[in-house]
Amino acid sequence: MKKKIGISYTETNFQNYWNWFTPADLGDNLELIELSFEKNNVKDIELCAGFLLTGGIDVTPSFYGGALEYPGQPDIFLPERDEFEKLIYDYSQALKIPVLGICRGMQYINILEGGKVLEDIGSANLIHKKETEDKVHYVNIGHNSMLYAIIGSENGIVNSAHHQGVNGYSLSKNLIANCYADSPDQLIEGLEFKDKTDKSFMLAVQWHPERMKEKEINPLSQKLKDRFLEEVKKMEK
């Protein structure tokens, strides 16, 4: 039986996440499954040996005690998506299943671990918020982090398309920042567990590796994916 990677459904650019995993990546042993808050296919969560939490609409502020109104907020929130993805994350942690979080996925993992998000990053939007295309900037990677062990470099180039973020004041006490934007705002660009004892693989990034230009040769896309797939293949189910 093939091992399944559950990709959480997002209302924006879902196909990019799906297409990121090529037939060569999946081979004869892996397959993808859509985990959708719209379909509410909760039972399918139990079939998965790995999870990808995608980007998309802002997390509902009531989930982290955030402001009711802020610049750039969506016309509507999707609390049903938040609830559904909480089920995914809680299941992953209970059964020690690998998780990769992207953009909103990173922010939501921080929230689910007890942290918060900056509702709007203000002037830093000039560097991070998408216009007609994703912004591009450098990141600095912590030398002692798991991310560094995967990438093998202390810096790199990423794409950026977010107006919310995480900084040292909003960071969960259970997590550590493994990289920061190389810009005056010093926004956190990646997260991993502070104490990895008895934990499964969890890596979360603020950028979009699934749609990065030259993603096949940029280690901050390709090597992330490769390591995630390695961790999924280790799972028994």
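Below is a summary of the structure that appears in this document. Computed from a prediction, not measured in an experiment: that's the story for all the values here.

For the chain, the count of helices and strands is seven helices and nine strands. The C-alpha radius of gyration of the chain comes to 16 Å, within 12% of the 18 Å expected for a compact globule of 237 residues. Judged by the C-alpha coordinates and their principal axes, the chain covers about 50 × 40 × 35 Å. Burial analysis of the chain (237 residues in total) assigns 55% to the buried set. Sequence separation of 24 or more characterises 70% of the internal contacts of the chain that already satisfy a separation of 6 or more. Of the roughly 10,900 Å² that the chain leaves accessible, carbon and sulfur atoms contribute 51%. Placing the 26 positive and 36 negative side-chain charges of the chain at their respective mean positions leaves the two points 5 Å apart.

Residue position: K43 is located in the loop between β2 (30-35) and β3 (48-53). With 88 residues separating them along the chain, K43 and E131 place their C-alpha atoms 38 Å apart.

Our focus in this paragraph is the nonpolar core. The biggest cluster of nonpolar side chains holds 64 residues, and the ones touching the most others in it are F21, F51 and W207. When sequence neighbours within four positions are dropped, the list of residues in contact with F51 reads G6, L35, I45, I88, Y91, S92, I97, P98, V99, L100 and F228.

What follows covers the pairing of strand β9 (residues 202-205). Of the two faces of β9, the one holding M202 and A204 and the one holding L203 and V205 are both buried throughout. Of the strand pairs in this sheet, strand β8 (residues 188-193) and β9 are connected by two bridges, and their pairing is antiparallel. Within β9, the position partnered with L191 by the bridge is A204.

Now for the sheet that holds strand β5 (residues 135-141). Pairing is mixed across the open sheet formed by nine strands, whose spatial order is β2-β1-β3-β4-β9-β8-β7-β5-β6. If you trace the sheet from one side to the other, it starts and ends with β2 and β6 (155-160), each paired once. Recorded for the sheet is a direction-independent mean angle of 25 degrees between the axes of neighbouring strands. Sheet contacts for helix α4 (residues 104-112): β3, β4 (99-102), β7 (175-181), β8 and β9; angle to β4, the most-contacted strand, approximately 115 degrees. Across the sheet, helix α7 (residues 219-234) lies against β1 (3-8), β2, β3, β4, β5, β6 and β9, angled at about 130 degrees from β1, the strand it touches most.

If you walk through the whole model with that rule in mind, you get eight aromatic pairs. Consider the rings of Y9 and F37, whose centres lie 6.0 Å apart with planes at 40 degrees: the pair is tilted. Here F37 lies in the loop between β2 and β3 and Y9 lies in the loop between β1 and α1 (14-20), a separation of 28 residues in the sequence. Taking the relative accessible area as the measure of exposure, F37 reaches 10% and is therefore buried. Between Y70 and F77 the ring centres are 6.5 Å apart and the planes differ by 50 degrees, which places this aromatic pair in the tilted class. On the basis of relative accessibility, which here comes to 9%, the residue Y70 falls in the buried class. An aromatic cluster is defined as three or more aromatic residues linked by ring pairs; in this entry it consists of Y9, F14, W18 and F37. The ring of Y108 has R104 sitting right over it, with the charged end atom 5.4 Å from the ring centre. Sitting above the plane of the F193 ring, K199 keeps its charged end 4.5 Å from the centroid.

What counts as what
Residues numbered from 1 in each chain as written. Predicted model: local features only at pLDDT ≥ 70, side-chain atom pairs only at ≥ 80, totals over all residues. Heavy atoms only, no water. Helix = DSSP H or I, 4+ residues; strand = E, 2+ residues; numbered from the N terminus. Rg over C-alpha atoms; globule rule 2.2 N^0.38 Å. Buried < 20%, exposed > 50% of the residue type's maximum accessible area, 1.4 Å probe, protein only. Contact = heavy atoms within 4.5 Å. Areas by Shrake-Rupley, 256 points an atom, 1.4 Å probe, with all protein chains shown as cover. Lys, Arg positive; Asp, Glu negative; His and termini not counted. Charge placed at Lys NZ, Arg CZ, Asp CG, Glu CD. Core = buried A, V, L, I, M, F, W, Y, C linked by side-chain atoms within 4.5 Å. Pairing = 2+ DSSP bridges. Axes fitted to C-alpha atoms, helices over the stretch in contact; angles between N-to-C directions. Phe/Tyr/Trp six-rings, centres within 6.5 Å; stacked < 30°, edge-to-face > 60°. Lys NZ or Arg CZ within 6 Å of the ring centre and 35° of its normal.

That is the geometry; function is a separate question.
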